[in-house]
Amino acid sequence: MLALLAGLSAAPVLAQDAAPAAPEATQEQKQRIERLDAELKDSTAAQKRLAAEMAALEGDRAKLNEALLDTAIRVRETEAKLDVSEQRLLLLNREAADIRESLDARRAVLAEVLGGLVRLGRRPPPALMVRPDDALQSIRSAMMLGAVLPELKAETDLLASELAAQERVRQDSARERDALAELKRSLADERARTAALIEEKKNSLQQGEAALTEEKTRAAALAAEAGNVRELMERMETEVSATRKAAQDAAQIEAQQGAGSGQADRLAALQNPGRLSPGVPFEGAKGLLKLPVGGAVLKPFGAEDGYGGQEKGMSMGTRIEAQVASPSDGWVVYAGPFRSYGQLLIINAGGGYHILLAGMDKITVELGQFVLSGEPVGVMGRGPQLVSSAGLGTAQPILYVEFRKDGNSIDPTPWWATSESEKVRG
């Protein structure tokens, strides 16, 4: 037992971060070069795979959309896994800090106890059957040990437990860091694939580049003149041909479709990646739509806005550079900066419904484009982009989502899916 205790006497020192031995400079440089070479080879191979995939998808709109939607799902799933992994690593770091603090706090007590044992080991009690005074001394020593050892054993057990916990946390943290690094690599690959697919889809659009540039210029001019979102939408749908056509298409589709089909039929209608119009009327999509981005709702629809009114939309905290997807099928009727909204995207979902998404760093769809539910439409930045984000007390990116019916804000809650089985894949 003494040997065990003597070994444990150095345990508090283990709680400190020991400085690893510095490797030779040449060896370190060699390893760094090898890592860079491996990363370069991986990157080159990935680029070749992407190029081959884009070539195979060229001209096939349905397959292109399907690949884009599948990639968007994987990006969302990877972002969610990253959130979980980062939170787990944070908890492990806190646990490790608590263990170190406990060991440090009891360093002096443990040193005294272990020092006393060492001294006792150097001068053991005399044999019982020598002399009466030696026997008395032995009894006194035994009584002293009987009083000390239970407390000492409790301290030893606690120390051993904490050291075992420290080693477990160290190993768990190392595994979590490796998993986190792998998830980040996977996310980077999926984002590169998403960007390539978006670019391929842009190239496949029928509208000429010159006409599109002219439309964008006109839309920007209207945005500078409009006083609010309602005025912007009204003027866009009468004065910009791409937006006007989108509104006309939405009205035509609404007249042709019915909202009375069952949920299974509605879900089936939303599975065709080659569709050029909404799979179901927006009114009939209640309970089917997926949130546009992963994250927590910081302010729901109808909450106090801090200025005596109520929120007309919902604000969501997101990951840095998170992917933003269209909640619903629809036509892009505005994509660009607008007053305090920052980068604003407006989607005409048909039936007098519009979806507003704001707070993004970059919008990846074009004016007049038809987008599918779940299709990537933008990317968040590295912090809040909205002027209204100041009162939310967070430094993370914030996406603002607003549903409108005939120009008036409505509660989006009935449209969000309530279970995994109901969520639209696209």
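Below is a summary of the structure that appears in this document. (Residues numbered from 1 in each chain as written. Predicted model: local features only at pLDDT ≥ 70, side-chain atom pairs only at ≥ 80, totals over all residues. Heavy atoms only, no water.)

Considering the overall build of the protein chain
- On a plain count of helices and strands, the protein chain comes out with 10 helices and 11 strands.
- Burial analysis of the protein chain (426 residues in total) assigns 39% to the buried set.
- Of the roughly 23,100 Å² that the protein chain leaves accessible, carbon and sulfur atoms contribute 55%. (Helix = DSSP H or I, 4+ residues; strand = E, 2+ residues; numbered from the N terminus. Buried < 20%, exposed > 50% of the residue type's maximum accessible area, 1.4 Å probe, protein only. Areas by Shrake-Rupley, 256 points an atom, 1.4 Å probe, with all protein chains shown as cover.)

Details of the side chain of Ser85
- Positionally, Ser85 belongs in helix α4 (residues 61–105).
- Overall, Ser85 belongs to the buried group, its relative accessible area being 1%.
- In terms of polar contacts, Ser85 uses its side chain to reach the side chain of Glu176, at 2.7 Å.
- Leaving out residues up to four positions away in the same chain, Ser85 has contacts with Glu176, Leu180 and Leu183. (Polar contact = N/O pair within 3.5 Å; in protein donor to acceptor, adjacent residues only side chain to side chain. Contact = heavy atoms within 4.5 Å.)

Topic: the packing of helix α8 (residues 229–239) against helix α9 (residues 241–256)
- Interaxial distance between α8 and α9 falls to 5 Å at its minimum, and their mutual angle equals 95°. As far as their axial angle goes, α9 and α8 are roughly perpendicular. Here Met236, Glu237, Thr238 and Glu239 of α8 come into contact with α9, specifically with Ser241, Thr243, Arg244 and Ala247. (Axes fitted to C-alpha atoms, helices over the stretch in contact; angles between N-to-C directions. Parallel < 35°, antiparallel > 145°, perpendicular 65-115°, else oblique.)

Describing the pattern of salt bridges
- All told, the structure shown has 23 salt bridges when counted by the stated rule.
- A salt bridge links Arg168 to Asp172; its shortest N-O distance comes to 3.5 Å. With Arg168 and Asp172 both in helix α6 (residues 132–204), this residue pair falls 4 residues apart, about one helical turn.
- The class of Arg168 is partly exposed, set by a relative accessible area of 37%.
- A salt bridge links Glu239 to Arg218, with the nearest nitrogen and oxygen atoms 2.3 Å apart. Pair noted here: Glu239 is in helix α8 and Arg218 is in helix α7 (residues 209–225), with a separation of 21 residues, a long-range link.
- Look at Glu239 and you get partly exposed, because its relative accessible area is 31%.
- A relative accessible area of 30% places Arg218 in the partly exposed class. (Salt bridge = Lys/Arg side-chain N within 4 Å of Asp/Glu carboxyl O.)

Section: the packing of aromatic side chains
- Inspection of every chain in the model, using the stated rule, returns 9 aromatic pairs.
- Taken together, a centroid distance of 5.6 Å and an interplanar angle of 65° make the contact between Phe282 and Phe403 edge-to-face. A residue pair is termed long-range when its members are at least 10 positions apart, and Phe282 in the loop between α10 (263–269) and β1 (296–299) and Phe403 in strand β10 (residues 398–405) qualify at 121 residues. Like Phe282, the residue Phe403 is buried in the burial classification.
- When the centroid spacing of 5.2 Å and the interplanar angle of 20° are considered together, the rings of Phe282 and Trp415 count as stacked. Taken together, the positions of Phe282 in the loop between α10 and β1 and Trp415 in the segment after β11 (408–410) put the pair 133 residues apart, joining distant regions of the chain.
- Chaining the aromatic ring pairs together yields one cluster made of Phe282, Tyr353, Phe403, Trp415 and Trp416.
- Taking NZ or CZ as reference, Lys405 lies 4.6 Å from the ring centre of Tyr353, over its face. (Phe/Tyr/Trp six-rings, centres within 6.5 Å; stacked < 30°, edge-to-face > 60°. Lys NZ or Arg CZ within 6 Å of the ring centre and 35° of its normal.)

Brief notes about the nonpolar core
- Core analysis: the largest hydrophobic core is formed by 31 residues, its most contacted members being Phe282, Leu345, Leu357, Met360, Leu399, Phe403 and Trp415.
- In this structure, Ala219, Ala223, Ala250 and Trp331 belong to the second largest nonpolar core, which totals 29 residues. (Core = buried A, V, L, I, M, F, W, Y, C linked by side-chain atoms within 4.5 Å.)

Observations concerning α9
- For α9, with 16 residues, the first-to-last C-alpha span of 22 Å sits near the 22 Å given by 1.5 Å per residue.
- Every buried residue belonging to α9 is among Ala242, Thr243, Ala246, Ala247, Asp249, Ala250 and Ile253, and all of these are buried. All buried residues of α9 fall inside an arc of 160° around its axis, so they share one side. Residues of α9 that are exposed and point more than 90 degrees away from the buried face comprise Ala255 and Gln256. (Expected span 1.5 Å × (residues − 1). Arc of directions from axis to C-beta.)

Points about unusual backbone geometry
- In this model, Arg339 sits at a positive phi of 45°, which is unusual for a non-glycine residue.
- In this structure, Arg339 sits in the loop between β4 (330–337) and β5 (343–350).
- A relative accessible area of 52% means that Arg339 is categorised as exposed.
- Unlike most non-glycine residues, Asp406 shows phi in positive territory, near 55°.
- Of note, Asp406 is situated in the loop between β10 and β11.

Describing the sheet that holds strand β7 (residues 362–363)
- One open sheet accounts for 3 strands, arranged β3-β9-β7; its pairing is antiparallel. The sheet is open, and its two borders are formed by β3 (323–325) and β7, each paired with just one other strand.
- Relative to strand β9 (residues 376–379), β3 runs antiparallel, the two sharing 3 bridges. Looking at the pairing, Gln323 lines up with Val379 of β9.
- The strands that α4 touches are β3 and β9; relative to β3, the one it contacts most, it runs at about 130°. (Pairing = 2+ DSSP bridges.)

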